[in-house]
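Observations on the three-dimensional arrangement
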Amino acid sequence: MIKLSKADFHIQVLVAIIAIVILWIPLFIHIKPITFYPHSFFEECFGWIQTIPFMGIILTLSVMVSSLIILYKILVNNHLQSANTFFPEIIFIVLMSDIFTVQFSAEIISGFLLLLALQPLFNFKEEKSGDHSIFLSSFLIGIATLFQPSLWLCFLLPLMTISIFETLTFRKIMLSLLGFILIWIWFFSIAFLTDSLNTSWQIVVDQASFSMQQFHFTTNIWSWSVMILEIVLFFPIIIIELQHSKKDLVISRRRIYVVVSLLILLMSCLLTTQNLSLHQSLLCLPATILISYLYEYLTKVKMVGFCIFLLFLINFIGRWLAIF
């Protein structure tokens, strides 16, 4: 993995394409059915693909490839990744191609929107007032929670970002909250006009509230073993990350704190999610950025490269076992 990170940029892109082919072929061979939460906003928008499961795989792959391009631009523009490497994006492919992400879901859409919301937050200090960045990010997070209400705690991310970069003021708090609730005002207004307000509210509450009955515990021992092992493998990466961030530039360190805040919020959302396996895919975004931040130090920290290789090997085996 370390040698790959030092390879030519075009070779790394070629490896990324090969990794997508190897990890995603099983999905096209053994197509899983698409499941929705009944009468959710996600079902209203994409319920039509339930009869065409193949289209769900195409949409999932399209979103992932688009996320790769956007993630590359965000990391390069914010000096968290060198422009002549594609190695962090290869990591993202490995993490997003785990055995749980087998079909199009609300988590896929929400994860893409959270990625879009990061760029304005990273640019917060570069603007004169930062108002536009805070409002836009809050609005995108609001749309993400519309698809996946269990992510409602993420509305705190813009507020946490403000407190990381400067003093939190009443005006910025209200601006952030307005950006978040604007889309929800639209949603409930439509529900009111269509005489489905009570039903829509109950659906949102069911998806966003904590209940042990909501947890979807799979009987697949391999799936749970993979998830637990991935969490364990990330511990040394996070520890190294925290130790190194103290030595870096203030602006880069604060951007990393924003990513850590996102990771903490997403892990907190595990308490309200209905499917732990699918929610795991949302953790791939902050995990990839944290790993990419350590990219230039991989030659000194061989454990990180070894952990990434194990993740790839686990997901590769899991993908092909899913066929049989």
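The preceding data block contains the structure.
In what follows, the accompanying structure is described. Values in this document were obtained by computation on a predicted structure and should not be read as measured data. (Residues numbered from 1 in each chain as written. Predicted model: local features only at pLDDT ≥ 70, side-chain atom pairs only at ≥ 80, totals over all residues. Heavy atoms only, no water.)

**Section: empty space enclosed by the protein**
Scanning the entire structure with this criterion turns up two cavities of 30 Å³ or more. Lining the largest cavity are 14 residues; nearest its centre among them are F92, M96, I108, G111 and F112. Residue assignment for the lining of the largest cavity shows that the elements contributing at least two residues are α4 (53-77), α5 (87-96), α6 (106-122) and α14 (284-293). Broken down by element, the lining of the largest cavity gets its largest block of residues, five residues, from α6. Looking at side-chain class alone, the lining of the largest cavity contains 10 nonpolar, three polar and one charged residues. (1 Å grid on protein atoms, 1.4 Å probe; cavity = no way out; pocket = protein on both sides within 12 Å on 5 of 7 lines; lining within 4 Å. Points joined across faces, edges and corners; volume = space filled by probe spheres on them. Helix = DSSP H or I, 4+ residues; strand = E, 2+ residues; numbered from the N terminus. Nonpolar A, V, L, I, M, F, W, Y, C, P; charged D, E, K, R; others polar.)

**Looking at unusual backbone geometry**
Phi angles above zero are rare outside glycine, and D195 is one such case at about 60°. With respect to the helices and strands, D195 occurs in the loop between α9 (170-193) and α10 (197-208). Judged by relative accessible area, which is 73%, D195 ranks as exposed. (Buried < 20%, exposed > 50% of the residue type's maximum accessible area, 1.4 Å probe, protein only.)

**Some words on the pattern of salt bridges**
Taken as a whole and judged by the stated rule, the model has three salt bridges. For D131, the salt bridge goes to R171, with nearest N and O atoms at 2.5 Å. With D131 in helix α7 (residues 131-147) and R171 in helix α9, the pair connects residues that are 40 residues apart, well separated along the chain. We note a salt bridge from D131 to K172, for which the minimum N-O separation is 3.7 Å. A residue pair is termed long-range when its members are at least 10 positions apart, and D131 in helix α7 and K172 in helix α9 qualify at 41 residues. Each member of the pair, D131 together with K172, is buried. The structure contains a network of salt bridges with shared partners spanning D131, E166, R171 and K172. (Salt bridge = Lys/Arg side-chain N within 4 Å of Asp/Glu carboxyl O.)

**So, the packing of aromatic side chains**
Counted under the stated rule, the structure contains 15 aromatic pairs. Centre to centre, the rings of F135 and F139 are 6.5 Å apart; their planes meet at 10°, and the pair counts as stacked. A residue pair is termed a helical-turn pair when its members lie 3 or 4 positions apart in one helix, as F135 and F139 do in helix α7 at four residues. Of the residues examined, F135 reaches a relative accessible area of 28% and is grouped as partly exposed. (Phe/Tyr/Trp six-rings, centres within 6.5 Å; stacked < 30°, edge-to-face > 60°.)

**Regarding a nonpolar patch on the surface**
Together, W186, I190, F192, L193 and L197 give the surface a local cluster of nonpolar side chains, amounting to about 550 Å² of exposed area. No other element matches the four residues that α9 contributes to the nonpolar patch. Residue class for I190 comes out partly exposed when judged on its relative accessible area of 40%. (Patch = residues over 30% accessible without salt bridge, like charges linked within 9 Å, V, L, I, M, F, W, Y side chains within 5 Å. Areas by Shrake-Rupley, 256 points an atom, 1.4 Å probe, with all protein chains shown as cover.)

**Quick word on the side chain of T145**
Residue placement: T145 occurs in helix α7. A polar contact of 2.7 Å, which involves the side chain of T145, links it to the backbone oxygen of G142. Not counting the four nearest positions on each side in its chain, T145 is found in contact with L151, W152, F180 and W184. (Polar contact = N/O pair within 3.5 Å; in protein donor to acceptor, adjacent residues only side chain to side chain. Contact = heavy atoms within 4.5 Å.)

**Thoughts on α5**
Summarising burial for α5: 10 of the 10 residues are buried, a large majority. For α5, the full list of buried residues reads F87, P88, E89, I90, I91, F92, I93, V94, L95 and M96.

**Observations regarding the environment of T273**
Secondary-structure assignment places T273 in the loop between α12 (250-268) and α13 (276-279). When the C-alpha positions of T273 and P149 are compared, they lie 8.6 Å apart, and in sequence the two are 124 residues distant.

**Comments concerning the environment of K172**
On the basis of relative accessible area, K172 is assigned to the buried category, the value being 10%. Put simply, K172 and G130 are 42 residues apart on the chain and 8.9 Å apart in space, counted from C-alpha to C-alpha.

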